[in-house]
Amino acid sequence: MPRRRKMPEPMAHTVEKIGGTSMSRIDELSDTLIIGDRKKDELYGRIFVVSAFGGITNLLLEHKKTGENGVYAAFVNNQSHHGWHDALDRVADAMKEAHFKVLDNPADIERADAFVQERILGARNCLIDLQRLCSYGHFRLSEHMSQIRELLSGLGEAHSAFATTLLLKRAGVNARFVDLSGWHDEGDLSLDDRIRQGIDDIDLASEMPIVTGYAQCIEGLMSEFDRGYSEVTFSRLAALSGASEAIIHKEFHLSSADPALVGADAVRKLGRTNYDVADQLSNLGMEAIHPKAAKTLRRAAVPLRVTNAFEPKDPGTLIDDQPAEKPGVEIVTGLELYALELFEQDMVGVKGYDAAILEVLTRHKVRIVSKVSNANTITHYVDSSLKVLRRVEKDLAERCPSAEVSSRAIAMASVVGRDLNGLSVLTRGLQAIAAAGHEAIGASQGPRNVDVQFIVDRDALDPVIIALHRALAEPERPALSKAA
């Protein structure tokens, strides 16, 4: 009977994630964040989860902000023509350009080029076969769209992880490429099993795993999390491996406001906050981490640290489940939204309006940020495109023919903190907005006292954030007056 190999003893370790924009400077991070002044054994006990190089996922799927077609959008929208072939060629060129910028050894560049060629060719053949299959009436492309999206997404992370592994090996680090993308894998694994399989035989005391942010699994990460999948992989890996800390390296510190807006001398680094605040930030589109990923870490009692990747000696901001030692405003931020209003004079005492609105918003995948209501009006503040919102209005008008349905562009400025009790944030905030010469359309504060929301005209959002930050987050400075 063969002897079972003795697994190495687990060691205290961290799981660390590097985002796509930072990945485009991975050669710099290799010298500072990853290696720095560490010697031999000090290099290890760290697992790195990497995103695709900056811009690659946009080319593979669609541009996150502009909606410009990538390979996925070109394929599913125009599958009978060859536009997606050109889009896939652009991906290959962009991948090669990305790793050429960070690798300086010709042999490593050659290996990375070959890796790209092999993966792109495999994806192309897969899509051609699927296209051919769906030319028969028994098969529908719509039934395979999520799998296509998953396949393409995995290309970006696999490429960046492979290139990073080459880079680190050349620098003397015993790095190991861990591909969770399921490439040529015939087995159906859960996310947990996929992760366990990937790291099962790794000795963290002598190896540095470089793990793909995308993980192929039977749950289908893209269907639920779309582009938030890498943080879900990251958090689940931290929880399953028993990490002492999960760390996200960004290009900036978590600060009390956007320094480009309120001034670098006015903001302060948070240093410490909790998952409750992180959830509020996610709701405002300012994600420290995906809410589902935060939930995983919180349940596993793994603290999260958010650092500036390019200031490796700065400890950044620690996020855990601990309450604040004393009340205080931590962040002032904002988001452009639409106010979707349904007015029905005879709504009082009648059930069903709320459910109808939620059903339509859910069907159109519109994200609700906040909501207010009174006797005959329900208003949802939603994060949506105007195009989608018009469809929502049309559906609601059909569902509730006697109601008046309307929408308007607004913005929400929000003051967030672990504990806002006793600070009179609502009152002082309204006073600060008025003193700056602006008006709040609406304002609300929940009983939990972790955020206060001010609804303002869109063109007033930036000056309102500046005024709120000065009045509430910079106590040593006077409130901003209209004259200032």
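Throughout what follows, the structure given in this document is the object of discussion. From a predicted model like this one, the values you see are computed outputs, not experimental measurements.

Describing the pairing of strand β14 (residues 451-456)
Counting buried positions along β14 yields six of six residues, so the element is predominantly enclosed. Burial along β14 is two-sided: the face carrying Asp 451, Gln 453 and Ile 455 and the face carrying Val 452, Phe 454 and Val 456 are both buried. Direction of pairing for strand β12 (residues 404-416) relative to β14: antiparallel, over a ladder of six bridges. Among the inter-strand pairings, Met 412 is bridged to a residue of β14, identified as Ile 455. Sheet topology places strand β13 (residues 442-445) next to β14; four bridges connect them, and they run antiparallel. Its bridge partner being in β14, Gln 445 is matched across the sheet by Val 452.

A short note on the environment of Phe 454
As for its placement among the helices and strands, Phe 454 is situated in strand β14. Phe 454 gets classed as buried once you look at its relative accessible area, which sits at 0%. For the pair Phe 454 and Ala 413, spaced 41 residues apart in sequence, the C-alpha separation works out to 5.1 Å.

A look at the packing of helix α16 (residues 425-435) against helix α17 (residues 461-473)
For the pair α16 and α17, the least separation of the axes is 9 Å and the interaxial angle reads 125°. Between α16 and α17, the interaxial angle falls into the category oblique. Once α16 is placed against α17, the crossing between them reads as right-handed. Contacts from Val 425, Arg 428, Gly 429, Ala 432 and Ile 433 of α16 reach α17 at Val 464, Ala 467, Leu 468, Ala 471 and Leu 472. Across the contact of α16 with α17, the residue classes break down as eight nonpolar, one polar and one charged.

Here's the deal with a nonpolar patch on the surface
A contiguous nonpolar patch, built from Leu 133, Tyr 136 and Phe 139 and spanning about 280 Å² of accessible area, is present on the exposed surface. Here Phe 139 falls in the partly exposed class, since its relative accessible area comes to 34%.

Here we look at the packing of aromatic side chains
Under the counting rule described, the total for this entry stands at five aromatic pairs. Taken together, the ring pairs in this structure connect Phe 115, Phe 162 and Phe 177 into an aromatic cluster. The ring of Tyr 338 is capped by Arg 458, whose NZ or CZ atom sits 4.6 Å from the centre of that ring.

Brief notes about helix α10 (residues 229-241)
Along its 13 residues, α10 runs 18 Å from first to last C-alpha, staying within 8% of the 18 Å computed at 1.5 Å per residue. Of all 13 residues in α10, ten are buried; the element is thus mostly enclosed. Every buried residue of α10 is listed here: Tyr 229, Ser 230, Glu 231, Val 232, Thr 233, Phe 234, Ser 235, Leu 237, Ala 238 and Ala 239. Downstream of α10 by one or two residues, Gly 242 has phi in the positive range, about 70°.

Structural notes on the sheet that holds strand β3 (residues 175-178)
Two strands in a sheet stick together by hydrogen bonds in their backbones, pointing the same way (parallel) or opposite ways (antiparallel). Ordered by their spatial adjacency, eight strands build an open sheet running β3-β4-β2-β1-β5-β7-β8-β6, and the pairing between neighbours is mixed. What marks the edges here is a single partner per strand, and that holds for β3 and β6 (272-274). The mean angle between the axes of side-by-side strands here comes to 25°, regardless of whether they run parallel or antiparallel. As paired elements, strand β5 (residues 245-250) and strand β7 (residues 304-308) share five bridges and run parallel to each other. Looking at β7, one finds that His 249 is bridged to Thr 307. Relative to the sheet, α10 contacts β1 (14-18), β2 (46-50), β4 (208-212), β5 and β7, its axis offset from that of β1 by approximately 170°.

Thoughts on the environment of Asn 374
Within the secondary structure, Asn 374 is located in the loop between β10 (367-373) and β11 (377-383). The spatial distance from the C-alpha of Asn 374 to the C-alpha of Ala 98 is 54 Å, given a sequence separation of 276 residues. Of note is the side chain of Asn 374, whose polar atom sits 3.2 Å from the backbone nitrogen of Asn 376.

With respect to unusual backbone geometry
Its identity as a non-glycine residue notwithstanding, His 184 has a phi of 60°, on the positive side. Structurally, His 184 is set in the loop between β3 and α8 (191-199). Located in the positive-phi region is Ser 424, a residue other than glycine, with phi close to 50°. One can find Ser 424 in the loop between β12 and α16.

Each value, and the rule that gives it
- Here the residue numbers are simple positions, counted from 1 along each chain's written sequence.
- Given that this is a predicted model, residues contribute local features only at a pLDDT of at least 70 and side-chain atom pairs are listed and counted only at 80 or more, while totals for whole chains, interfaces and linings are drawn from all residues.
- In computing side-chain values, all of the structure's heavy atoms are included and hydrogens and water are not.
- Type-normalised accessible area, obtained with a 1.4 Å probe on protein chains alone, sets the label of each residue: buried when under 20%, exposed when over 50%, and partly exposed for intermediate values.
- Starting at the N terminus, helices and strands are each numbered in turn, a helix being any DSSP run of H or I of at least four residues and a strand any DSSP run of E of at least two.
- At least two DSSP bridges between two strands are required for those strands to pair.
- The convention used is that axes are lines fitted to C-alpha atoms, helices contributing only their stretch in contact, and that angles between N-to-C directions extend from 0 to 180 degrees.
- Roughly parallel means an angle under 35 degrees; roughly antiparallel, over 145; roughly perpendicular, 65 to 115; everything else is oblique.
- Working rule for handedness: look at the near helix, and if it is turned counterclockwise from the far one by less than a right angle, call the crossing left-handed; if clockwise, right-handed.
- Contact definition: two residues touch when any of their heavy atoms are within 4.5 Å.
- Any residue that is not Ala, Val, Leu, Ile, Met, Phe, Trp, Tyr, Cys, Pro, Asp, Glu, Lys or Arg is counted as polar, Gly included; the first ten are nonpolar and the last four charged.
- Within the patch definition used here, like charges are joined within 9 Å and nonpolar side chains (Val, Leu, Ile, Met, Phe, Trp, Tyr) within 5 Å, considering only residues with over 30% relative accessible area and no salt bridge.
- Only the protein chains shown count as cover for residues, and the accessible areas themselves come from Shrake-Rupley with a 1.4 Å probe.
- Between Lys or Arg on one side and Asp or Glu on the other, a salt bridge is scored when a side-chain nitrogen of the former is within 4 Å of a carboxyl oxygen of the latter.
- Paired rings are identified among Phe, Tyr and Trp, the last through its six-membered ring, by centres lying within 6.5 Å, and are further divided according to the angle between planes into stacked (under 30 degrees), edge-to-face (over 60) and tilted (the rest).
- Two conditions define a charge sitting above a ring: the NZ of Lys or the CZ of Arg must be within 6 Å of the ring centre, and it must be within 35 degrees of the ring normal.
- Multiplying 1.5 Å by the helix residue count minus one yields the expected span of that helix.
- We call two N or O atoms a polar contact when they sit within 3.5 Å, provided that within protein one can donate a hydrogen and the other can accept it, with sequence-adjacent residues counted only if both atoms are side-chain atoms.

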